[in-house]
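# Close look at the chain arrangement
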Amino acid sequence: DEAERTERIEAALDELGDDVVILGHNYQRREIVEHSDFIGDSYQLSKEAANADADYVIFGGVTFMAESADIITADDQTVILPSMEASCPMAGMAEALQVDTAWAEITEAAPDANIIPITYMNSYADLKAFCAEQGGLVCTSSNAHKAFEYGFDQGDKVLFLPDKHLGENTAHRLDMEDSIVEWDPWDPEGATAEEAAAADIILWDGYCQVHERFRESHITELREERPDANVVVHPECRREVVEAADVVGSTSTICETVENADPGDTWAIGTEIHLANHLDRWHPEVEVLPLCGDACMDCNAMRQIDPNYLTWVLEELVEGRERNVIEVAPGEKELAQLALDRMLEI
Ligand code: 13P
Ligand code: SF4
């Protein structure tokens, strides 16, 4: 049961002392965030990983986040992901090999253009490495606009991967919505490489299956029922959802919005359900509602980090066994680091 498991986790942590730090993404289950030394969005956690001096970084999150932690931490630090099944489907929508083929097509279609590829943090290390090689960088939802500005400073077009919604929302933020195109090189009915290359902002056809489920109608219905409610959503939501919301931002912005709310205010949360539940527990003075009920906005990938797995990796470490180590291949690691460093510089 939970009490017994908590005892086992605490005993293992006592044994391991400063050798271990646990990082927990805002979407992790309650039992994981309760044991985390730091809780935050993907950008904050990558910074915490960079500052950590523990030998072992246990990552409560998904594979791409653990990979980024491995890239950022020192060579003698080890990153452990309690479940190897925790893979963000959106990151899998832009495989480096696919992007390589698409890149050859689009650069051939626009030989005189200088296209800068920008990948969202939600991508694998080989794609981050590819972007660095082509003069591009990584961004998160909190600095995508700055990454686009960097792209237009260094080149004349941006290819943004994998999240088309974050890309579109960022283009709007920069008043550049008139020159965007969605491009799936394998869609015979979609834009051709030549058509894509004519736009300033080329959006890869990826999306988050959790955030895509939010609809504008969820907000309009809520406003009819609860005219006093405010709405905050993640920029991975569709454009019309973002437009209908009061505030849009990364998971840390969502946390700050509720933290800074006046007692008695009502906020509906348009993001993964675990964060809405945490905010409800953390801020009893604010009325926190999940946008669209509480049934369907659950991230399967994040949920793979079961507290039993956390117990297992910790107890194995106590026995001197490293389980589920995330290690980015040398070569790829340096390039991916360059893409992340460019982000940290902007
Ligand atoms: P944040 O960077 O806002 O934490 O988002 C990560 C993520 O996976 C959102 O779905
Ligand atoms: Fe990936 Fe969406 Fe889950 Fe975030 S919420 S980890 S983008 S599937």
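Cut-off values and rules
- Residues numbered from 1 in each chain as written.
- Chains lettered and ligands numbered in written order.
- Predicted model: local features only at pLDDT ≥ 70, side-chain atom pairs only at ≥ 80, totals over all residues.
- Helix = DSSP H or I, 4+ residues; strand = E, 2+ residues; numbered from the N terminus.
- Rg over C-alpha atoms; globule rule 2.2 N^0.38 Å.
- Buried ≥ 20, exposed ≤ 12 C-beta atoms within 10 Å, placed from the backbone.
- Contact = placed C-beta atoms within 7 Å.
- Near = placed C-beta within 6 Å.
- Nonpolar A, V, L, I, M, F, W, Y, C, P; charged D, E, K, R; others polar.
- Pairing = 2+ DSSP bridges.
- Right-handed = clockwise from strand over helix to strand, strands pointing away.
- Axes fitted to C-alpha atoms, helices over the stretch in contact; angles between N-to-C directions.
- Parallel < 35°, antiparallel > 145°, perpendicular 65-115°, else oblique.
- Core = buried A, V, L, I, M, F, W, Y, C linked by C-beta atoms within 7 Å.
- UniProt positions renumbered as here; feature names shortened; annotations may be inferred.
- Left-handed = near helix turned anticlockwise from the far one by under 90°.
- Domains from an automatic or database assignment.

## Some thoughts on the overall build of the protein chain
A count of helices and strands for the protein chain gives 16 helices and 13 strands. Relative to the compact-globule value of 20 Å for 346 residues, the protein chain shows a C-alpha radius of gyration of 20 Å, a close match. Projected onto the principal axes, the alpha-carbon positions of the protein chain cover approximately 60 × 55 × 35 Å. The burial tally for the protein chain puts 50% of its 346 residues in the buried class. Counting only contacts in the protein chain whose residues sit at least 6 apart along the sequence, the fraction spanning at least 24 positions is 67%.

## Section: the site of ligand 2
Not every one of the 13 residues close to ligand 2 is listed here, only the nearest: Cys88, Met90, Cys208, Val210 and Cys299. Of the residues belonging to the shell around ligand 2, the class tally is nine nonpolar, two polar and two charged.

## Thoughts on the pairing of strand E13 (residues 287-290)
With burial as the criterion, only one face of E13 is covered, namely that bearing Val288 and Pro290; the residues Glu287 and Leu289 on the opposite face remain uncovered. Summarising the sheet, strand E12 (residues 266-270) and E13 pair through four bridges and their orientation is parallel. Note on E13: the bridge partner recorded for Ala268 is Leu289. Read from E12 through helix H13 (residues 273-282) to E13, the crossover connection turns out right-handed.

## Quick word on the site of ligand 1
Every residue close to ligand 1 is listed here: Asn26, Asp41, Ser42, Tyr43, Asn122, Thr140, Ser141, Cys208, His234, Glu236, Ser250 and Thr251. The class makeup of the residues in the shell around ligand 1 is two nonpolar, eight polar and two charged.

## What about the packing of helix H7 (residues 144-154) against helix H8 (residues 164-173)?
Their axes nearest at 9 Å, the elements H7 and H8 cross at an angle of 75°. Judged on the interaxial angle alone, H8 and H7 are roughly perpendicular. Contact residues: H7 offers Ala144, His145 and Phe148, while H8 offers Leu166, Thr170 and Arg173. Looking at side-chain class alone, the contact of H7 with H8 contains three nonpolar, two polar and one charged residues.

## Description of the sheet that holds strand E2 (residues 38-40)
Read from one edge of the open sheet, four strands run E2-E1-E3-E4, paired in parallel fashion. Every interior strand has two partners, whereas the edge strands, E2 and strand E4 (78-80), have only one. Here the average twist between neighbouring strands, direction ignored, is 20°.

## Re the environment of Met65
Within the fold, Met65 resides in helix H4 (residues 63-72). On the basis of neighbour count, Met65 is assigned to the buried category, with 26 C-beta atoms found within 10 Å. On a C-alpha basis, the gap between Met65 and Cys88 in space is 9.5 Å, while along the polypeptide they are 23 residues apart. In this structure, Met65 is in contact with His25, Ser42, Leu45 and Phe59, ignoring residues within four places of it in sequence.

## Side note on the nonpolar core
By size, the foremost hydrophobic cluster in this structure holds 113 residues, and its most contacted members are Val57, Phe59 and Ile269. In contact with Val57, not counting residues within four places along its chain, are Val21, Leu23, Ala49, Ala52, Ala69, Thr73, Gln77 and Val79.

## Quick word on the UniProt feature "binding site: iminosuccinate" (unreviewed entry) in the protein chain
As annotated in UniProt, the feature "binding site: iminosuccinate" (unreviewed entry) corresponds to His25, Ser42, Tyr120, Met121, Asn122, Ser141, His234, Pro235, Glu236 and Thr251 in the numbering used here. Within the secondary structure layout, His234 lies in the loop between strand E10 (230-233) and helix H11 (239-244). Apart from the residues within four sequence positions on either side, His234 is in contact with Ser141, His211, Thr251, Ile254, Gly270 and Thr271. Looking at where Thr251 falls in the secondary structure, it is placed in helix H12 (residues 251-259). Those residues in contact with Thr251, other than ones at most four positions away along the chain, are Asn26, Asp41, His234, Thr271 and Leu275.

## A look at the packing of helix H1 (residues 2-16) against helix H15 (residues 307-318)
A pair of packed helices is captured by two measures, namely the crossing angle of their axes and the spacing between those axes. Packing of H1 against H15 leaves a shortest axis separation of 9 Å and a crossing angle of 35°. For the pair H1 and H15, the sense of crossing is left-handed. Contact residues: Arg5, Arg8, Ile9, Ala12, Leu13, Glu15 and Leu16 in H1; Pro307, Asn308, Leu310, Thr311, Leu314, Glu315, Leu317 and Val318 in H15. Class assignment for the residues of the contact of H1 with H15 results in nine nonpolar, two polar and four charged.

## Here's the deal with the domain arrangement of the protein chain
Taken domain by domain, the protein chain holds domain 1 (2-87 + 302-328), domain 2 (91-207) and domain 3 (211-298). Using only C-alpha atoms to locate each centre, domain 2 and domain 3 end up separated by 28 Å. Taken together, the contact between domain 2 and domain 3 spans nine residues of the former and 13 residues of the latter. Here the residues of the side of domain 2 that touches domain 3 are counted per class, giving two nonpolar, five polar and two charged.

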